[in-house]
Amino acid sequence: QADMAGVYVGIIRQMSKDGATYIVECPAIFDWYGIEARLKVADKPEDISLRDTVSFTIRLTSKGVPVISWCERMDTRQSNAKRKDPDEPSQPQEGEQLYSGR
């Protein structure tokens, strides 16, 4: 049961057929291990539900299955709201103080 370095991002897609784990879709994990990451029902934080985007770390079982050892929900609505077109000039909000440097 080796701890794997790195933080991954995935989406809680479904519960396994046996009801013991959630299947977390993450292209990086699937490309490397050939199987989706698993989150044990007992290890799932209360604020996480199906279709949530999560950041997580993994460990491998003795059979080489990536199991989530830590995870937290990412607030994708907030990050999408703040995302701007990088080619569009940035304008300050009305009343916002400008940083003038040192």
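Residues numbered from 1 in each chain as written. Predicted model: local features only at pLDDT ≥ 70, side-chain atom pairs only at ≥ 80, totals over all residues. Heavy atoms only, no water.

Asker: Quick question: what am I supposed to make of the pattern of salt bridges here?
Answerer: Pairing between side chains of opposite charge can happen when their charged atoms approach one another. In the structure shown here, the tally under the stated rule is two salt bridges. Among the ionic pairs, Arg-13 bridges to Glu-25, the shortest N-O distance being 3.3 Å. One end of the pair, Arg-13, is in strand β1 (residues 8–15); the other, Glu-25, is in strand β2 (residues 21–25), with twelve residues separating them in the sequence. (Salt bridge = Lys/Arg side-chain N within 4 Å of Asp/Glu carboxyl O. Helix = DSSP H or I, 4+ residues; strand = E, 2+ residues; numbered from the N terminus.)

Asker: It is not clear to me how the nonpolar core should be interpreted in this structure. Could you clarify?
Answerer: Where a protein is soluble and globular, its nonpolar side chains tend to be buried together. Ranked by size, the top nonpolar core spans 15 residues in total, and within it Ile-12, Val-24, Ile-29, Leu-39, Phe-56, Ile-58 and Ile-68 carry the most contacts. Mapped by element, the contributors of at least two residues to this core are β1, β2, β3 (37–40), β4 (53–60) and β5 (66–73). No other element matches β4, which puts four residues into this core. With residues near it in sequence (within four places) discarded, Ile-68 still touches Val-24, Ala-37, Arg-38, Leu-39, Asp-43, Phe-56, Thr-57 and Ile-58. (Core = buried A, V, L, I, M, F, W, Y, C linked by side-chain atoms within 4.5 Å. Buried < 20%, exposed > 50% of the residue type's maximum accessible area, 1.4 Å probe, protein only. Contact = heavy atoms within 4.5 Å.)

Asker: Looking at this structure, I do not really get the confidence of the model for the chain. What am I missing?
Answerer: For the chain, per-residue confidence averages 82 on the pLDDT scale, and 69% of positions sit at 70 or higher. Within the model, the stretch residues 78–83 combines pLDDT values under 50 with zero contacts to residues more than four positions away or in other chains. (pLDDT = per-residue confidence, 0-100.)

Asker: Can you walk me through the environment of Tyr-22 in this structure?
Answerer: Among the structural elements, Tyr-22 can be located in strand β2. Along the chain, Tyr-22 and Lys-40 lie 18 residues apart, while their C-alpha atoms are 6.3 Å from each other. Ignoring sequence-local partners within four residues, the contact set of Tyr-22 consists of Ile-12, Gln-14, Met-15, Ala-37, Arg-38, Leu-39, Val-41, Lys-44 and Leu-50.

Asker: Can you walk me through the pairing of β5 in this structure?
Answerer: For a regular strand, side-chain orientation follows a simple rule: the groups alternate between the two sheet faces. One ladder, built from seven bridges, connects β4 with β5; its direction is antiparallel. Residue pairing in the sheet places Val-54 in a bridge with Arg-73 of β5. Count of turn residues in the β4/β5 antiparallel hairpin: five residues, of which Gly-64 carries a positive phi of about 85 degrees. (Pairing = 2+ DSSP bridges.)

Asker: Even after reading the chapter, I still don't get unusual backbone geometry, so can you show me in this structure?
Answerer: Both trends apply: most residues other than glycine have a negative phi, and most peptide bonds are in trans. If you check the backbone angles, Arg-51 has positive phi at about 75 degrees while not being a glycine. If you trace the backbone, Arg-51 turns up in the loop between β3 and β4. A residue is classified by how much of its surface remains accessible, and Arg-51, at 64% relative accessible area, is exposed.

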